[in-house]
Amino acid sequence: MKKDVSTAKKEGRFTKRERSWILYDWANSIYATNIMAAIFPIYFPMMATDAGDKLYGFAVSAANLVIALLAPMLGAIGDFRGMKKKLFTAFLVIGLVFTAVMAIFDSWELMLIGYVISHIGFSGSCLFYDSFLTDVTTPERMDKVSAYGYAMGYIGGSTIPFIISIAILLLMGQSVLSYKISILIVVIWWAVFSLPFLKNVEQVYSVDDPPAELAKAAFSNMIKTFRSIIADKRLLFFIIAYFFYIDGVSTIISMATNYGETLGLGTIGMILALLVTQVVAVPFSILFSNLAKKVGAIRMITVAVCVYFVITIMGFIMGFNIELAEMNGGDVAAATATSTVLFWILATLVGTVQGGIQALSRSYFGQIIPPERSNEYFGFLDIFGKFSCVIGPALYSLVYSLTDRPSLGILSIILLFLAGAVALALGRKYFTLPDKAGEAA
């Protein structure tokens, strides 16, 4: 692999393994867009009863909780020779089959079961996909490869089939059949573009404990990894920072449609706003990679956190304009129009940093962990990411409930970015990469 990477580096191109790895981002991003963010959350309430609507939030939490609890053990098992690819494939198949269930059946109960299990399959495959980064490339190329993965994900799954889905919804009048077709597009796109990964990507680094000792060794490795993270100041400060700032990122994403609804945007308007974010994210994901090469990944992650400070404040201003007009008997329509403009600016700003902060977080983490235990370490990163998604929405709801002002609920999310920025600042002296002593991360 080193020879292939060295040759590719000289010629300025990606190796077959790197291209195949990148293409899985192209393959799976349609699930995140159509199922998690845009299409299915609108389709499900059309088919469900009030009981189903109330259960939906619990189903989302249950799916995240299951994969979060399983992630460290799955990661530990995946580091054994030959196990990573098998587990990746198993979760991929689970995701594809149960996504199809969501489209085939009209029963909201079966649709919800399909969503929970397909979400577990999607998240599990992404866990192993991320950990394969150490197998397909070298540390000095990880920022570029990871960033191109996110960029291709935005171009592919988050844009092309998404636009096709929007066109189908418009042409078919947002009928039940149009939503079913949009979900089946996810299955077909995800399956077809996963084939290069399945064919060309293999596990290079592994541990060689006997298979008979698998479960016992996996548990001991998991404890060992946790202790290693605690002992390594660089890893510890990075994971703490990641826990907070990625929660803020996830909360901003999840609140976009909610805020769009507050501003009076219709269903298609909210979907188009999300499309703007995806399109803008493509060039900026690559730009972040190029800039990280010059000034360091940690500096660029810090820049992204600062941009999210601005995004959070803009979110507050959007809601405050409307609240102020309502309280003072002002022109609510004019305030809504102004906030609508701010909403589109905000959507664009999110696109400038969303892919970059996620890509650089993944690649920097990949550079500072032992490659032979990458799956286990990424398992811990995944559990931090999944559990962090609980704090932001809860913080928003708490402040909103206490003040009866959603704008203050949004503003409270700035505390998460502040905590992440503080952790990055405190860990700054530890963030030099091991193979680049003296060079800032």
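Just so it is clear, the structure is predicted and the values come from calculations on it, not from any experiment.

The rules we used
- Residues numbered from 1 in each chain as written.
- Predicted model: local features only at pLDDT ≥ 70, side-chain atom pairs only at ≥ 80, totals over all residues.
- Heavy atoms only, no water.
- Helix = DSSP H or I, 4+ residues; strand = E, 2+ residues; numbered from the N terminus.
- Areas by Shrake-Rupley, 256 points an atom, 1.4 Å probe, with all protein chains shown as cover.
- Salt bridge = Lys/Arg side-chain N within 4 Å of Asp/Glu carboxyl O.
- Axes fitted to C-alpha atoms, helices over the stretch in contact; angles between N-to-C directions.
- Parallel < 35°, antiparallel > 145°, perpendicular 65-115°, else oblique.
- Left-handed = near helix turned anticlockwise from the far one by under 90°.
- Contact = heavy atoms within 4.5 Å.
- Nonpolar A, V, L, I, M, F, W, Y, C, P; charged D, E, K, R; others polar.
- Buried < 20%, exposed > 50% of the residue type's maximum accessible area, 1.4 Å probe, protein only.
- Patch = residues over 30% accessible without salt bridge, like charges linked within 9 Å, V, L, I, M, F, W, Y side chains within 5 Å.
- Core = buried A, V, L, I, M, F, W, Y, C linked by side-chain atoms within 4.5 Å.
- Phe/Tyr/Trp six-rings, centres within 6.5 Å; stacked < 30°, edge-to-face > 60°.
- Lys NZ or Arg CZ within 6 Å of the ring centre and 35° of its normal.
- Expected span 1.5 Å × (residues − 1).

Caption draft 1: Representation of the overall build of the chain in the model. If you tally the helices and strands in the chain, you get 20 helices and zero strands. Here the chain has roughly 17,900 Å² of accessible surface; of this, 70% comes from carbon and sulfur atoms.

Caption draft 2: Looking closely at the pattern of salt bridges. Enumeration according to the criterion identifies eight salt bridges in this entry. The shortest N-O distance in the salt bridge between K180 and D106 comes to 2.7 Å. Highlighted residues: K180 in helix α10 (residues 176–192) and D106 in the loop between α5 (83–104) and α6 (108–131), separated in sequence by 74 residues. One salt-bridge network, in which partners are shared between bridges, spans D25, D130 and R362.

Caption draft 3: Looking closely at the packing of helix α15 (residues 297–327) against helix α20 (residues 414–426). Running from N to C, α15 and α20 point in directions that differ by 160 degrees, and their axes come no closer than 9 Å. Accordingly, the angle class assigned to the pair α15 and α20 is roughly antiparallel. When you trace α15 past α20, the crossing you get is left-handed. Two secondary-structure elements touch here, α15 through I298, I301, T302, V305, Y308, F309, T312 and I313 and α20 through I414, F417, L418, A421 and L424. Looking at the contact of α15 with α20 residue by residue, the classes come out as eleven nonpolar, two polar and no charged.

Caption draft 4: Geometry of unusual backbone geometry. With a phi angle near 50 degrees, Q174 is a residue other than glycine that sits in the positive phi range. Take Q174: it is sitting in the loop between α9 (160–171) and α10. Under the relative-accessibility criterion, Q174 is labelled partly exposed at 30%. In the Ramachandran plot, D404 falls in the positive-phi region, its phi being about 60 degrees despite a non-glycine side chain.

Caption draft 5: Expanded view of the environment of I286. Topologically, I286 is positioned in helix α14 (residues 267–295). Overall, the relative accessible area of 18% leaves I286 in the buried class. When the C-alpha atoms of I286 and M152 are compared, they prove to be 9.7 Å apart, with 134 residues separating the residues in sequence.

Caption draft 6: Layout of the packing of helix α2 (residues 16–38) against α10. Between α2 and α10, the least distance of the axes is 8 Å, while the angle of their chain directions is 165 degrees. As far as their axial angle goes, α10 and α2 are roughly antiparallel. Helix-helix and strand crossings are classified by hand; for α2 and α10 the assignment is left-handed. On the side of α2, the interface is formed by Y24, W26, A27, N28, I30, Y31, N34 and I35, while α10 contributes S182, I183, V186, W189 and W190. Classifying every residue of the contact of α2 with α10 gives ten nonpolar, three polar and no charged.

Caption draft 7: Just a nonpolar patch on the surface, in detail. A cluster of nonpolar side chains, I104, F105, L110 and I113, forms an exposed patch at the surface whose accessible area comes to about 360 Å². Among the structural elements, F105 can be located in the loop between α5 and α6.

Caption draft 8: Geometry of the nonpolar core. In terms of nonpolar packing, the biggest core is built from 110 residues, with W21, F40, W190, Y245, Y308 and F365 touching the most fellow members. Top contributing element to this core by residue count: α6, with eleven residues. Apart from the residues lying within four places of it in its own chain, the contact partners of F365 are L235, F238, I239, Y377, F378 and L381. Among the nonpolar cores identified, the runner-up in size contains eight residues, and Y150, A151, A281 and A359 belong to it.

Caption draft 9: Geometry of the packing of aromatic side chains. If you walk through the whole model with that rule in mind, you get 31 aromatic pairs. Residues F91 and F128 carry aromatic rings whose centres are separated by 5.9 Å and whose planes lie at 35 degrees to one another, so their mutual orientation is tilted. Placement of F91 in helix α5 and of F128 in helix α6 is noted, with a sequence separation of 37 residues between them. As far as burial versus exposure is concerned, F91 and F128 are alike and both buried. Put simply, the rings of W21, Y24, F88, Y129, F132 and F197 touch in pairs and so form one group of aromatic residues. Above the plane of the ring of F132 lies K84, whose end atom (NZ or CZ) is 4.9 Å from the centre.

Caption draft 10: How the structure looks around α15. A rise of 1.5 Å per residue sets the reference length of α15, with its 31 residues, at 45 Å; its end C-alpha atoms lie 45 Å apart and thus fit the reference within 8%. Where α15 terminates, the next one or two residues include G329, which has phi positive at roughly 70 degrees.

Caption draft 11: Looking closely at the side chain of S20. One can find S20 in helix α2. Once residues lying within four places of it in the same chain are set aside, the contact partners of S20 are P196, F197, N200 and V201.

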